[in-house]
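# Summary of the model geometry
For reference, the chains in residue letters:
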Amino acid sequence: MDVVIRNANLADGQQGVDVAIEQGRIVAVGPRLAVQAGREVDADGDLLSTPFVDAHFHMDATLSYGLPRVNASGTLLEGIALWGELKPHLTQQALIERALQYCDWAVARGLLAIRSHVDICDDRLLAVEALLEVKRRVAPYLDLQLVAFPQDGVLRAPNALINLKRAIGMGFDVVGGIPHFERTMADGAESVRILCEYAADQGLMVDMHCDESDDPMSRHIETLAYQSNRLGLHGRVTGSHLTSMHSMDNYYVSKLLPLMREAGVNAIANPLINITLQGRHDSYPKRRGMTRVPELLAAGIPVAFGHDCVMDPWYSLGSGDMLEVAHMGLHVAQMTGQEAMRDCFRAVTSTPAAILGLQGYGVAPGCHADLVLLDAADPVEAIRLRAARRMVMRRGKIIAESPRAHARLSLPGRPDSVNFRLNR
Ligand SMILES: [Zn+2]
């Protein structure tokens, strides 16, 4: 045996579990395994999880904050305009370096699979080539899935459909879209039809920025579900953001959710970004704007939380920490029950893994030995503490390690505590 991890807790509630690993795969899971290994890792009762998965990100824009200026209004639309100003100045080398830097951050935080939308509207396809190069370079340690994303609208921007097909031909994985940014509602619906038919024809998945708006009449998710159902794309179609649903009429939503379920459409909320960008045209009360996560889950629709942005024209913060994303999602959706909090952990692990179609993801014999050991006893504590990643493993090899969160306390009237276990 190459490695055995002893005395771990698993996300499903099992405790005191050993995990044996050979040739990059998990070969046994159980209490006190009688095996010898080249390396033993003592989990010491901490949570051993599958890696974090980010189902919605923009790696072509990441770490560009302040270039060429910052977003003064903080709105989605100024962000898109600002990205338009930046695009002519992008170089392939700078794109690659920023993306690789972000992937280093991701790996250090146990984030080993990312679906990134990449803007294909620039005819030079600089970002497309750059991200394909990044995907190739990070492949040994991170699964990068690339979405051909027509940021300026597949109908609104000249050449966008041609460029989208070029990107797919060069090796992109998923068909993107942005129906609410097309010129009219009718054009938005038409864009959904065109893109879904193309995906069905090519046997590809679909993931659209859909209804990222506070306008309750933005109902492109209905069209997306309709086309998914009509074209038999069940399980392969995802609506990202879906923020207009926050503002929709309750009666309409009660009809919409079963249609999404019937069509096998997945949902992705982006809590950090949605709570920052939505409601910007409101005075008070000010809408939160995130989609209806508990109601979607109750309707049987898979919901993942995405990071969306880190230090880019839309968002000035972020660090590649999916526990921070889950933490924000939990608060914004008021998912404070025990099971709801565990749903928030699943929304950054197993649910996005299923949406991306990752193979061999799990803590079970036969699965890839891709694992994260957290400085926490269970998923709820992991979210509460944004727990340190004691160990990150990919295919049986340790690729990142961090110390447990300790502090050195010197307080009058308190016992000397040079090795104080932070918040546990
Ligand atoms: Zn996005």
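Reference entry: report on the structure contained in this document. As the structure is a prediction and not an experimental result, all values here were calculated from the model.

## Notes on the overall build of the chain
- A tally of regular secondary structure across the chain gives 14 helices and 18 strands.
- The globule rule puts the C-alpha radius of gyration for 424 residues at 22 Å, and the 22 Å found for the chain is close to it.
- Each of the 424 residues in the chain was classed as buried or not, and the buried ones make up 56%.
- Looking at the chain alone, contacts between residues at least 24 apart form 75% of all its contacts between residues at least 6 apart.
- Total accessible area on the chain is roughly 17000 Å²; 51% of this is exposed by carbon and sulfur atoms.
- Distance between charge centres in the chain, computed from 42 positive and 49 negative side chains, equals 2 Å.

## Here's the deal with the coordination of the zinc ion
- Coordination of the zinc ion by the protein is provided by His56 (NE2), His58 (NE2), His209 (NE2) and Asp308 (OD), with metal-donor distances spanning 2.1 to 2.5 Å.
- Around the zinc ion sit four donor atoms; with metal-centred angles ranging over 85 to 177°, the donor geometry is irregular.
- Mapping the donors of the zinc ion onto the primary sequence gives the spacing H-x1-H-x150-H-x98-D. Linking His209 in strand β10 (residues 205–210) with Asp308 in the loop between β13 (303–305) and α11 (322–332), this pair joins segments that are 99 residues apart in sequence.

## Section: the packing of helix α6 (residues 220–230) against helix α8 (residues 250–263)
- It is at 9 Å that the axes of α6 and α8 come closest, and there the two elements cross at 30°. Considered as vectors, α6 and α8 are oriented roughly parallel to each other. Crossing of α6 over α8 shows left-handed handedness. On α8, the residues that touch Ile221, Glu222, Ala225, Ser228 and Asn229 of α6 are Tyr252, Leu256, Leu259, Met260, Glu262 and Ala263.
- Its residues assigned to classes, the contact of α6 with α8 comprises seven nonpolar, two polar and two charged.

## Quick look at helix α3 (residues 126–138)
- Taking 1.5 Å per residue as the helical rise, α3 with its 13 residues ought to reach 18 Å, and the 18 Å between its terminal C-alpha atoms agrees with that figure.
- Turning to α3, its buried residues are Leu126, Ala127, Val128, Ala130, Leu131, Leu132, Val134 and Val138.
- The secondary structure elements touched by the buried residues of α3 are α2 (92–108), β7 (111–119), β8 (143–149) and α4 (160–170).

## Thoughts on empty space enclosed by the protein
- For the structure shown, the criterion picks out two cavities of 30 Å³ or more.
- In this structure, the largest cavity occupies an estimated 110 Å³ of space.
- Taken together, 15 residues form the lining of the largest cavity, with His58, Leu76, His209, Glu212 and Trp314 sitting closest to its centre.
- For the lining of the largest cavity, the elements supplying multiple residues, two or more each, are α1 (76–86) and α9 (271–277).
- The residue makeup of the lining of the largest cavity, split by class, is eight nonpolar, five polar and two charged.
- Quantified by volume, the second largest cavity comes out at close to 70 Å³.
- The wall of the second largest cavity is formed by Trp83, Lys87, Leu90, Asp119, Asp122, Arg124, Leu125, Leu126 and Ala127.
- Residue composition of the lining of the second largest cavity, by class: five nonpolar, no polar and four charged.

## Side note on the environment of Leu242
- Relative to the helices and strands, Leu242 resides in the loop between β11 (237–241) and α7 (244–247).
- Looking at Leu242, the relative accessible area reads 1%, which means it is buried.
- Placed 21 residues apart in sequence, Leu242 and Ile221 show a C-alpha to C-alpha distance of 7.2 Å.
- Contacts of Leu242, omitting those with residues within four sequence positions, involve Cys210, Asp211, Ile221, Met260, Ala267 and Thr291.

## Thoughts on the side chain of Thr75
- Checked against the element boundaries, Thr75 lands in the loop between β6 (52–57) and α1.
- Taking the relative accessible area as the measure of exposure, Thr75 reaches 16% and is therefore buried.
- Here Glu78 takes part through its backbone nitrogen, which lies 3.1 Å from a polar atom of the side chain of Thr75.
- Setting aside anything within four residues of it in sequence, one finds Thr75 in contact with Leu277 and Arg280.

## Notes on the state of the cysteines
- Taken as a whole and judged by the stated rule, the model has zero disulfides.
- For Cys309, which is in no disulfide, the shortest distance to another cysteine sulfur is to Cys103 and amounts to 16 Å.
- Cys344 takes part in no disulfide bond, and the closest cysteine sulfur, belonging to Cys309, lies 20 Å away.

## Section: the packing of aromatic side chains
- Evaluation of the coordinates by the stated rule reveals four aromatic pairs.
- Taking 4.4 Å as the distance between ring centres and 15° as the angle between the ring planes, the aromatic pair formed by Phe57 and Tyr102 counts as stacked. Within this pair, whereas Phe57 is found in strand β6, its partner Tyr102 is found in helix α2, the two being separated by 45 residues in sequence. In terms of burial, Phe57 and Tyr102 fall into one category: buried.
- Summarising the aromatic geometry, the rings of Tyr102 and Trp105 are spaced 6.3 Å apart at their centres and angled 55° between planes, so their arrangement reads as tilted. Placement of the pair is Tyr102 and Trp105 together in helix α2, with a separation of three residues, close to one helical turn.
- Relative accessible area serves as the criterion here: at 0%, Tyr102 is assigned to the buried category.
- Feature note: the residues Phe57, Tyr102 and Trp105 constitute an aromatic cluster, connected by ring pairs.
- Across from the ring centre of Tyr252, 3.6 Å away, lies the NZ or CZ of Arg219, which sits over that ring.
- The residue whose ring lies beneath Lys286 is Tyr284, and the NZ or CZ to ring-centre distance is 5.1 Å.

Each value, and the rule that gives it
Residues numbered from 1 in each chain as written. Predicted model: local features only at pLDDT ≥ 70, side-chain atom pairs only at ≥ 80, totals over all residues. Heavy atoms only, no water. Helix = DSSP H or I, 4+ residues; strand = E, 2+ residues; numbered from the N terminus. Rg over C-alpha atoms; globule rule 2.2 N^0.38 Å. Buried < 20%, exposed > 50% of the residue type's maximum accessible area, 1.4 Å probe, protein only. Contact = heavy atoms within 4.5 Å. Areas by Shrake-Rupley, 256 points an atom, 1.4 Å probe, with all protein chains shown as cover. Lys, Arg positive; Asp, Glu negative; His and termini not counted. Charge placed at Lys NZ, Arg CZ, Asp CG, Glu CD. Donors = N, O, S within 2.8 Å, 3.2 Å for Na, K, Ca; no water. Tetrahedral: all angles 85-135°; square planar, octahedral: opposite > 155°, others 65-115°. Axes fitted to C-alpha atoms, helices over the stretch in contact; angles between N-to-C directions. Parallel < 35°, antiparallel > 145°, perpendicular 65-115°, else oblique. Left-handed = near helix turned anticlockwise from the far one by under 90°. Nonpolar A, V, L, I, M, F, W, Y, C, P; charged D, E, K, R; others polar. Expected span 1.5 Å × (residues − 1). 1 Å grid on protein atoms, 1.4 Å probe; cavity = no way out; pocket = protein on both sides within 12 Å on 5 of 7 lines; lining within 4 Å. Points joined across faces, edges and corners; volume = space filled by probe spheres on them. Polar contact = N/O pair within 3.5 Å; in protein donor to acceptor, adjacent residues only side chain to side chain. Disulfide = S-S within 2.5 Å. Phe/Tyr/Trp six-rings, centres within 6.5 Å; stacked < 30°, edge-to-face > 60°. Lys NZ or Arg CZ within 6 Å of the ring centre and 35° of its normal.

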